[in-house]
Amino acid sequence: MARQQFDDPRPVDLDLDLDPKRQIIAQTSGTVTDLQCRSGGDLVSGSFPMSVDDRRLLLLATQVPLWRDLTSGIQGPDVSALQRELGRLGLTVRTTGRYDAPTQRAVAALYKRAQQRPPSGALTRSALLWIPAPSVRISSCDVQLNGRLSDGSPVMTLVQQVTSAHVKVMPSNLLPGSRQVSIDDVKVPIGPEGRITNASDLGRLTALAPARTGEATAPQPLHGTVVLSEPIAVVGVPPTAIFGLRGTSGCVLTTDGAVVRVSIVSSMLGRALVTWSSEGSPGTKVLIAPPEQTTCE
């Protein structure tokens, strides 16, 4: 009886958890004179995806939404957030929290890089569109060319992002040890409560989802298997070979008369899969029907 590797596979359904519905909101009013929007298209911070009354609107991803007009010398967390995003976009600016001359030059450079006319003086909220991440995907376009826009109107709805995944019902009586979920050829680590939060792992799982996130229906559950990250060595023996059974612990009798303690971990194809104590040998033969008087002692 040769040892074999066993990873305690258990079928599971995995749900993908989505962030709340997000929209790009206009901070100005007027007529839409240009619109670069299509369902499934991508938007990036630092771009100018639309015009209102022939004025280009700058799309920015900042940790703090830019909620007010930024005039020279104004200070606050929103200014710091702007400075960090300008730096991420490759512009030279220090994070001082003050809307100073170097920050204004960086803003002007961002406009000029896109061949747009930079603002004169303040960076007004009406000239901006806020997004929650440097790159987002459009689910739907909520305005149309030549349409009327008012302050606070939704401009575009974004595809909802997968923020985590979780096993709907974790199987019981799992063997101890770290686990991973296996779906097709993808394997990702999973916590003891059946949750996955690592961004890279979530990206791999999202690619497997049968329904795209952000559409009218939520993504369907993924069907997979929870397995041990490190398989254990087991031996398959006939169930009748095990005696003195207490719970999952018992013994087998080898053909040379040695009593070996075993623990049942599973069953497969009519055989009990057991872990073999150090007293036994992987190649040892056991009696299928040991004498009734044989004990584990």
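Residues numbered from 1 in each chain as written. Predicted model: local features only at pLDDT ≥ 70, side-chain atom pairs only at ≥ 80, totals over all residues. Heavy atoms only, no water.

**Q** Describe the packing of helix α1 (residues 77-88) against helix α2 (residues 101-113), and please don't skip the residues or the numbers.
**A** Running from N to C, α1 and α2 cross one another at 50°; their axes reach a closest spacing of 11 Å. Judged on the interaxial angle alone, α2 and α1 are oblique. With respect to the hand of their crossing, α1 and α2 are arranged in left-handed fashion. Within the contact between the two elements, α1 uses Leu-82, Gln-83 and Leu-86 and α2 uses Thr-103, Ala-106, Val-107 and Leu-110. Split by residue class, the contact of α1 with α2 holds 5 nonpolar, 2 polar and no charged. (Axes fitted to C-alpha atoms, helices over the stretch in contact; angles between N-to-C directions. Helix = DSSP H or I, 4+ residues; strand = E, 2+ residues; numbered from the N terminus. Parallel < 35°, antiparallel > 145°, perpendicular 65-115°, else oblique. Left-handed = near helix turned anticlockwise from the far one by under 90°. Contact = heavy atoms within 4.5 Å. Nonpolar A, V, L, I, M, F, W, Y, C, P; charged D, E, K, R; others polar.)

**Q** Break down α2 for me, citing the residues and quoting the values.
**A** In this model α2 runs 18 Å from its N-terminal to its C-terminal C-alpha over 13 residues, within 8% of the 18 Å that 1.5 Å per residue would give. Of the residues making up α2, those classed as buried are Thr-103, Ala-106, Val-107, Ala-108, Leu-110 and Tyr-111. In this fold, the buried residues of α2 make contact with β7 (55-61) and α1. The positive-phi residue at the C-terminal boundary of α2 is Gln-115, with phi of around 60°. (Expected span 1.5 Å × (residues − 1). Buried < 20%, exposed > 50% of the residue type's maximum accessible area, 1.4 Å probe, protein only.)

**Q** Residues and numbers for the nonpolar core, please.
**A** Of all hydrophobic cores here, the largest spans 20 residues; its most connected members are Leu-60, Leu-82, Leu-86, Tyr-99 and Leu-123. Of all the elements in the fold, those that place two or more residues in this core are β7, α1 and α2. Looking at this core, the element that brings in the most residues is α2, giving 4 residues. With residues up to four places along the chain from it excluded, the contact list for Leu-123 reads Arg-68, Asp-69, Leu-70, Leu-82, Tyr-99, Val-107, Tyr-111 and Leu-128. Counting 18 residues, the second largest nonpolar core, distinct from the first, contains Val-52, Val-136, Val-155 and Met-156. (Core = buried A, V, L, I, M, F, W, Y, C linked by side-chain atoms within 4.5 Å.)

**Q** Provide a residue-level description of the sheet that holds strand β20 (residues 259-268), including the pertinent values.
**A** The 6 strands lie next to each other as β1-β17-β21-β20-β19-β18, forming an open sheet whose pairing is antiparallel. Of all strands in the sheet, those with a lone pairing partner are β1 (4-6) and β18 (243-246), marking the two edges. Direction aside, the axes of adjacent strands within the sheet are offset by 45° on average. As paired elements, strand β19 (residues 249-253) and β20 share 5 bridges and run antiparallel to each other. The residue bridging Cys-251 from the neighbouring strand is Arg-261, located in β20. (Pairing = 2+ DSSP bridges.)

**Q** Tell me about the sheet that holds strand β5 (residues 42-44), and name the residues and values.
**A** Reading across from one edge, β3-β11-β9-β5 is the order of the 4 strands in this open sheet, with antiparallel pairing throughout. What marks the edges here is a single partner per strand, and that holds for β3 (23-25) and β5. Between one strand axis and the next, the sheet turns by 45° as a mean value, whatever way the strands run. Strand direction decides the pairing type here: strand β9 (residues 135-141) and strand β11 (residues 154-158), joined by 3 bridges, are antiparallel. Within β11, the position partnered with Cys-141 by the bridge is Met-156.

**Q** Describe the pattern of salt bridges, with residues and values.
**A** With the rule as written, the count across this model stands at 9 salt bridges. Ionic pairing is found between Asp-34 and Arg-56, a salt bridge with its closest N-O pair at 2.5 Å. Highlighted residues: Asp-34 in strand β4 (residues 30-35) and Arg-56 in strand β7, separated in sequence by 22 residues. Overall, Asp-34 belongs to the partly exposed group, its relative accessible area being 26%. Under the relative-accessibility criterion, Arg-56 is labelled buried at 19%. For Glu-85, the salt bridge is made with Arg-88, and the minimal N-O distance between the two is 2.8 Å. (Salt bridge = Lys/Arg side-chain N within 4 Å of Asp/Glu carboxyl O.)

**Q** Break down the packing of aromatic side chains for me, with residues and values.
**A** Where two aromatic rings form a pair, the distance of their centres and the angle of their planes describe that pair. All told, the structure shown has 1 aromatic pair when counted by the stated rule. Ring centres of Phe-48 and Tyr-111 lie 5.0 Å apart, and the angle between their planes is 65°; on these two criteria the pair is classed as edge-to-face. Separated by 63 residues along the polypeptide, Phe-48 in the loop between β5 and β6 (50-52) and Tyr-111 in helix α2 bring together distant segments of the chain. Judged on exposure class, the residue Phe-48 and its partner Tyr-111 are both buried. (Phe/Tyr/Trp six-rings, centres within 6.5 Å; stacked < 30°, edge-to-face > 60°.)

**Q** Would you mind going over the layout of surface pockets in detail, with residue names and values included?
**A** Of the volumes computed, that of the second largest pocket is approximately 250 Å³. Taken together, Asp-54, Arg-55, Arg-56, Tyr-111, Gln-116, Arg-117, Pro-118, Pro-119, Ala-122, Thr-124 and Ala-127 make up the full set of residues lining the second largest pocket. Looking at the lining of the second largest pocket residue by residue, the classes come out as 5 nonpolar, 2 polar and 4 charged. (1 Å grid on protein atoms, 1.4 Å probe; cavity = no way out; pocket = protein on both sides within 12 Å on 5 of 7 lines; lining within 4 Å. Points joined across faces, edges and corners; volume = space filled by probe spheres on them.)

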